[in-house]
Amino acid sequence: MAVEHPLAPAQGDQTRIHNIGYRSYDGPRLGRSYARRSLYSQSLRGAYGLGRSVKSKVLPMLLFVVMCVPAAIMVAVAVATKAKDLPLDYTRYAIVMQAVISLYVASQAPQSVSRDLRFKTVPLYFSRPIETADYVRAKFAALASAMFILTAAPLLVLYVGALLAKLDFSEQTEGFAQGLVSVALLSLLFAGIGLVIASVTPRRGFGIAAVIAVLTISYGAVSTLQAIADAQGSTDATPWIGLFSPITLIDGVQSAFLGATSAFPGGIGPSQSEGVVYVIVALGLVAASYGLLMRRYRKVGL
């Protein structure tokens, strides 16, 4: 008696192959540049909660309003009192509002990169025609652009208000241009530092706390040491101490080259020769941040 093999097809079984319509993609392939631009656009929109839930929009939009409201108030005061100048210089505005700027970068840097690390989606990016450099550049540029919008918008409010108040056009234009240069450097520096710190941990909360700690503790420590040095008459040491905090670094660059009034003790900022060192250190930190991000994401993408 023949025994049927258990894996043999049943008698009368008619196997058919059906064409269910799947076909390969034959459309245009847009390549790395398109992918990089798309990642940049998505990250920039995400820095203000656009395209995300309402809850995600609250903090960045609130911080944006907080940055702009004091500028609007200053303009209103200048117009009402017919002042001959604005209450605050363009180059001083970001230094005064540093707490808001630090909170913004602390909240948005982890949002930009920590979720990709936490949900392990970074290798998926690299499975497409996009490389480590494309990912890093897109994220870096997106956060720097978001910060530039945050810091330049109140300067624009001040500038438009100054023109409406009929203040000197050439003087206001020069001050506005100097302010834009200052916040552009600040945006690159803060974005780089924030992303490097946030890329270390996939936990967004840890990233936020770490960025706030680095920015606030460094500024507090440097300011305290500068005050002690000034009180002891060691004024020559004050500019060199300022090299160790992002905020005082920006303050030193703009007071040396952009005609800004320094927030250092006694209002004495670095000289132009010392300012060259400030510029080198600032640009070096931006370059180092980019290099560290490249090194980090080469490992993550494996």
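Everything that follows concerns the structure shown earlier in this document.
Just so we're clear, the structure is a prediction, and the values are computed from it rather than from any experiment.

### As for the overall build of the chain
A count of helices and strands for the chain gives eleven helices and zero strands. For the chain, the N- to C-terminal ordering of α and β elements is α-α-α-α-α-α-α-α-α-α-α. Since a compact globule built from 302 residues should have a radius of gyration of about 19 Å, the 26 Å found for the chain marks it as more spread out than a globular shape. With the principal axes as the frame, the chain shows a C-alpha extent of 110 × 45 × 30 Å. When each of the 302 residues of the chain is scored for burial, the buried share is 43%. Put simply, 76% of the contacts in the chain that link residues at least 6 apart link residues at least 24 apart. Accessible surface for the chain amounts to roughly 16,500 Å². Of this, 64% is attributable to carbon and sulfur atoms. In the chain, which carries 26 positive and 15 negative side-chain charges, the distance between the mean positions of the two groups comes to 12 Å.

### Comments concerning the nonpolar core
One finds Y90, Y93, Y104, M147, L158, F190 and Y297 to be the most contacted residues of the largest nonpolar core, which totals 72 residues. No other element matches the 16 residues that helix 6 (residues 132-164) contributes to this core.

### Description of helix 6
The terminal C-alpha atoms of helix 6, which comprises 33 residues, lie 47 Å apart, in line with the 48 Å expected from a rise of 1.5 Å per residue. The largest bend along helix 6 measures about 30° and falls at A152, with the proline P154 one to four residues further on. Taken from the residues just after helix 6, K166 is the one with a positive phi, measuring 60°.

### Thoughts on the side chain of D116
Residue placement: D116 occurs in helix 4 (residues 98-118). On the basis of relative accessibility, which here comes to 10%, the residue D116 falls in the buried class. Filtering out sequence-adjacent residues up to four positions away, D116 remains in contact with T121, V122, Y125, Y135 and K139.

### Looking at the packing of helix 6 against helix 11 (residues 272-300)
Between helix 6 and helix 11, the least distance of the axes is 9 Å, while the angle of their chain directions is 135°. By the criterion of interaxial angle, the relationship of helix 6 to helix 11 is oblique. Between helix 6 and helix 11 lies a crossing whose hand is right-handed. Each of T132, A133, Y135, V136, R137 and F140 in helix 6 lies in contact with helix 11, whose residues at this interface are V286, S289, Y290, L293, M294, Y297 and R298.

### So, helix 4
For helix 4, built from 21 residues, the straight-helix expectation of 30 Å at 1.5 Å per residue is met to within 8% by its first-to-last C-alpha distance of 29 Å. Along helix 4, 17 of the 21 residues are buried, which leaves the element largely enclosed by surrounding structure. Positioned one or two residues after helix 4, K120 has a phi angle of 55°, which is positive.

### Describing the packing of aromatic side chains
Here the structure, examined in full by the defined rule, presents five aromatic pairs. Between Y48 and Y104, the aromatic rings sit 5.6 Å apart at their centres with planes inclined by 35°, giving tilted as the arrangement. Linking Y48 in the loop between helix 1 (31-46) and helix 2 (54-81) with Y104 in helix 4, this pair joins segments that are 56 residues apart in sequence. Note on Y104: relative accessible area 0%, which makes it buried. On the numbers, 6.1 Å between centres and 65° between planes, the contact of Y90 with F176 is edge-to-face. You can see Y90 sitting in helix 3 (residues 90-96) and its partner F176 sitting in helix 7 (residues 169-198), a full 86 residues away along the chain. For Y90, a relative accessible area of 6% puts it in the buried group.

### As for the pattern of salt bridges
A complete count under the given rule lists four salt bridges for this structure. Where D134 meets R36, a salt bridge forms, and the shortest distance between an N and an O atom there is 2.5 Å. On the criterion of sequence distance, the pair formed by D134 in helix 6 and R36 in helix 1 is long-range, its members being 98 residues apart. Note that K139 is salt-bridged to D116, the shortest N-O span being 3.7 Å. Placement of the pair is K139 in helix 6 and D116 in helix 4, with a sequence separation of 23 residues. A relative accessible area of 7% places K139 in the buried class. Each of R32, R36, E131 and D134 takes part in a single network of salt bridges with overlapping partners.

Calculation notes
Residues numbered from 1 in each chain as written. Predicted model: local features only at pLDDT ≥ 70, side-chain atom pairs only at ≥ 80, totals over all residues. Heavy atoms only, no water. Helix = DSSP H or I, 4+ residues; strand = E, 2+ residues; numbered from the N terminus. Rg over C-alpha atoms; globule rule 2.2 N^0.38 Å. Buried < 20%, exposed > 50% of the residue type's maximum accessible area, 1.4 Å probe, protein only. Contact = heavy atoms within 4.5 Å. Areas by Shrake-Rupley, 256 points an atom, 1.4 Å probe, with all protein chains shown as cover. Lys, Arg positive; Asp, Glu negative; His and termini not counted. Charge placed at Lys NZ, Arg CZ, Asp CG, Glu CD. Core = buried A, V, L, I, M, F, W, Y, C linked by side-chain atoms within 4.5 Å. Expected span 1.5 Å × (residues − 1). Bend = angle between axes of the 7 residues up to and from the residue. Axes fitted to C-alpha atoms, helices over the stretch in contact; angles between N-to-C directions. Parallel < 35°, antiparallel > 145°, perpendicular 65-115°, else oblique. Left-handed = near helix turned anticlockwise from the far one by under 90°. Phe/Tyr/Trp six-rings, centres within 6.5 Å; stacked < 30°, edge-to-face > 60°. Salt bridge = Lys/Arg side-chain N within 4 Å of Asp/Glu carboxyl O.

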